[in-house]
Amino acid sequence: MTDDIVARQELVDAIWIAQNLRETLPNVTFAIDGEPARALNDGVVLGRITEAHVQASFRHSRDAEQTYQLEPDSPDAWWRLMVVTVEVEDDFDPATETPGTVEVGFTFSPDQDSDRMRSALEGREVFVVLGQPGWLESDPSLRMVDRNGTLFGLVDDDGSISMPGLAEQEAEFLADLRTVESISAAAEEPPTVIPVTSDNPSLREQ
């Protein structure tokens, strides 16, 4: 499973405002250019995957100006979309009602064995940072795993969490939040607002 996650992730050049896992939690918001503070993702969930399926495949046009949605098993796919149903145990946000289940997607290479991936995912406990909905035109309510699918955490029996999709950035991003217990404690801390500017979002204003 770890190899599949690493293989399907391809980090692109981008500036990510959240610099670590703590900054993705519900009690942390960002005030960008003096605007009212808001969360940058659509929450986090801890839970167990009850079902996984390939929902669609995609390819670009020759000029890369358009993206075409194909059948899930299309041989012409450039990438595929896996959607998992997570039975939620905790959303770490006392201000909201914990949902019973959520559906979340991530993309992967058509060269990967989707049946093997699905089998490895079902029944697995995970910690997922949810991206904002609207990525998929045919299913606008679907939320993707945030940060290009890399913020997909595998939870071991001892409660430890790994995010292999982050590759060499994993240790720095997780920092001291490497267990469900430490994430719960961080989520209970007082709310934090981080002011940033859009021209240099990685620089924290004082």
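Residues numbered from 1 in each chain as written. Predicted model: local features only at pLDDT ≥ 70, side-chain atom pairs only at ≥ 80, totals over all residues. Heavy atoms only, no water.

Asker: What is the right way to read the environment of Ser61 from this model?
Answerer: The topology assignment puts Ser61 in the loop between strand E2 (44–60) and strand E3 (67–70). Under the relative-accessibility criterion, Ser61 is labelled buried at 8%. When neighbours within four sequence positions are excluded, Ser61 is seen to be in contact with Gln66, Tyr68 and Trp78. (Helix = DSSP H or I, 4+ residues; strand = E, 2+ residues; numbered from the N terminus. Buried < 20%, exposed > 50% of the residue type's maximum accessible area, 1.4 Å probe, protein only. Contact = heavy atoms within 4.5 Å.)

Asker: Which parts of the structure should I look at to understand the packing of aromatic side chains?
Answerer: On inspection of all chains with the given rule, the structure shows 4 aromatic pairs. Relative to Phe152, the ring of Phe106 lies with its centre 5.6 Å away and its plane at 65°, an arrangement referred to as edge-to-face. One end of the pair, Phe106, is in strand E5 (residues 101–108); the other, Phe152, is in strand E8 (residues 152–155), and 46 residues separate them in sequence. An aromatic cluster is built from Phe58, Trp79 and Trp135, whose rings are joined through pairwise contacts. (Phe/Tyr/Trp six-rings, centres within 6.5 Å; stacked < 30°, edge-to-face > 60°.)

Asker: Teacher, can you tell me more about the side chain of Asp91 here?
Answerer: Mapped onto the elements of the fold, Asp91 is located in the loop between strand E4 (79–90) and E5. Arg143 provides the closest opposite charge to the buried, salt-bridge-free Asp91, at an N-O distance of 8.7 Å. A polar side-chain atom of Asp91 sits 3.2 Å from a polar atom in the side chain of Thr98. If sequence neighbours within four positions are ignored, Asp91 has contacts with Pro26, Val44, Val45, Thr96, Glu97, Thr98 and Pro99. (Lys, Arg positive; Asp, Glu negative; His and termini not counted. Salt bridge = Lys/Arg side-chain N within 4 Å of Asp/Glu carboxyl O. Polar contact = N/O pair within 3.5 Å; in protein donor to acceptor, adjacent residues only side chain to side chain.)

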